[in-house]
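The residues making up each chain are set out below.
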Amino acid sequence: MTEAKPVTQTAARPVPTLPDAQEVTEVQHYTDRLFRFRTKRPQSLRFRSGEFVMIGLMGDNGKPLLRAYSIASPSWDDELEFYSIKVPEGPLTSKLQHIAPGDQIILRPKPVGTLVHDALLPGKRLWLFATGTGFAPFASIIRDPETYERFEEVIVTHTCRDVAELTYSREMIEGLKEDDLMRELLGDGIDRLRYYPTTTREESPKMGRITTLIESGELFRDLGVPPLDPAADRGMVCGSLAFNLDIKALLEGAGLREGANSEPGEFVIEKAFVG
Ligand SMILES: Cc1cc2nc3c(=O)[nH]c(=O)nc-3n(C[C@H](O)[C@H](O)[C@H](O)COP(=O)(O)OP(=O)(O)OC[C@H]3O[C@@H](n4cnc5c(N)ncnc54)[C@H](O)[C@@H]3O)c2cc1C
Ligand SMILES: NC(=O)c1ccc[n+]([C@@H]2O[C@H](COP(=O)([O-])OP(=O)(O)OC[C@H]3O[C@@H](n4cnc5c(N)ncnc54)[C@H](OP(=O)(O)O)[C@@H]3O)[C@@H](O)[C@H]2O)c1
């Protein structure tokens, strides 16, 4: 009797001899559009929480197919975590969504980005404004002890179309509040990390675009904090281009100035995707 040939998913398995190959250790799917995965971390890779790198797979033409991805894990973590969209016809993510533990991805070890503490002036309260996969860099920031050394209060707003798209941020923040190391770090101040999830297209306890909730003042009333003030508030923003522009106008309207690595300011912005 002849043995059946094993079925292999060649599309998601790049050649293992790539110079920048990293092994996938864990994959978790949330919806048909969102998943997270973890990889081994090159020993030499140093990055600042909030930065992004280029990752990808080998394309059908034998050349690396790379895209920018925020590192969702904090800089102290032994592994790397990524939080990803699945674009049905997307050149990379139509394949990347099929990776499994043991597979390899390409990771170019040159982290860059503006969503870093170095680009912000000292302040009292850090606002992290995200839509969709724009939460990814903040998954890194909120797991970094430096964040709580720098700020008295950290408020994460995450807006998605549907409730299921909030699962990654909700589970992470709930988990952090139960985490022994975080409790040791924050002590009685565990409530210094606050979460404000909203949806726009499915019923949930808090509905609406965050921009609308800022404009109406509902966000500040709900949280019991004063309106944005350049003397106290700092912001990091990550979402679509339209979202970033709208939030930028609101922050500037409140008197906050955009910062950069070379010249720290009161808020920083990065696109969660192009297009
Ligand atoms: C600085 C930076 C950081 C990024 N970090 C992440 C990240 O952490 N996680 C992540 O999933 N993506 C991230 N992206 C987007 C990522 O680079 C790719 O665009 C994405 O992986 C899709 O690749 P693709 O080849 O399948 O499709 P592409 O050809 O790259 O995109 C096709 C279309 O899909 C839409 N799209 C792409 N990415 C997203 C997204 N994240 N959310 C919603 N719609 C999207 C856009 O309309 C785009 O025109 C980042 C982009 C930038 C510029
Ligand atoms: N998420 C899905 O179920 C889905 C399904 C199929 C295709 N897509 C496509 O995938 C792409 C990205 O979808 P996405 O849902 O990840 O990202 P998105 O379209 O940027 O929306 C994410 C969240 O941000 C809000 N938002 C968008 N623009 C904003 C602005 N200018 N100010 C304030 N809030 C804003 C959206 O509210 P609103 O709902 O009010 O826009 C939504 O709650 C889009 O091109 C979309 O057509 C998405």
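Residues numbered from 1 in each chain as written. Chains lettered and ligands numbered in written order. Predicted model: local features only at pLDDT ≥ 70, side-chain atom pairs only at ≥ 80, totals over all residues.

Asker: Which residues make up the sheet that holds strand E5 (residues 79-85), and what values go with them?
Answerer: The 6 strands lie next to each other as E4-E3-E6-E1-E2-E5, forming an open sheet whose pairing is antiparallel. Each edge of the open sheet carries a strand with a single partner, namely strand E4 (64-70) and E5. Across the sheet, the mean angle separating the axes of adjacent strands is 40° when strand polarity is ignored. As judged from the 3 bridges shared by strand E1 (residues 21-29) and strand E6 (residues 104-112), these two strands associate in the antiparallel manner. Bridge assignment links Ala21 to a residue of E6, and that residue is Ile106. (Pairing = 2+ DSSP bridges. Helix = DSSP H or I, 4+ residues; strand = E, 2+ residues; numbered from the N terminus. Axes fitted to C-alpha atoms, helices over the stretch in contact; angles between N-to-C directions.)

Asker: Give a description of helix H8 (residues 241-253) that names residues and reports values.
Answerer: Look at H8: 18 Å from first C-alpha to last across 13 residues, which is about the 18 Å you get at 1.5 Å a residue. Along H8, the residues classified as buried are Phe243, Ile247 and Leu251. An end-on view of H8 places all buried positions within 60° of arc, on one side of the element. Structural note: H8 exposes Ala242, Ala249 and Gly253 on the side pointing more than 90 degrees away from its buried face. Residues of H8 that are buried make contact with strand E7 (125-131), helix H6 (210-216), strand E10 (233-239) and strand E11 (267-271). Among the residues trailing H8, Gly255 stands out with phi positive, at a value near 95°. (Expected span 1.5 Å × (residues − 1). Buried ≥ 20, exposed ≤ 12 C-beta atoms within 10 Å, placed from the backbone. Arc of directions from axis to C-beta. Contact = placed C-beta atoms within 7 Å.)

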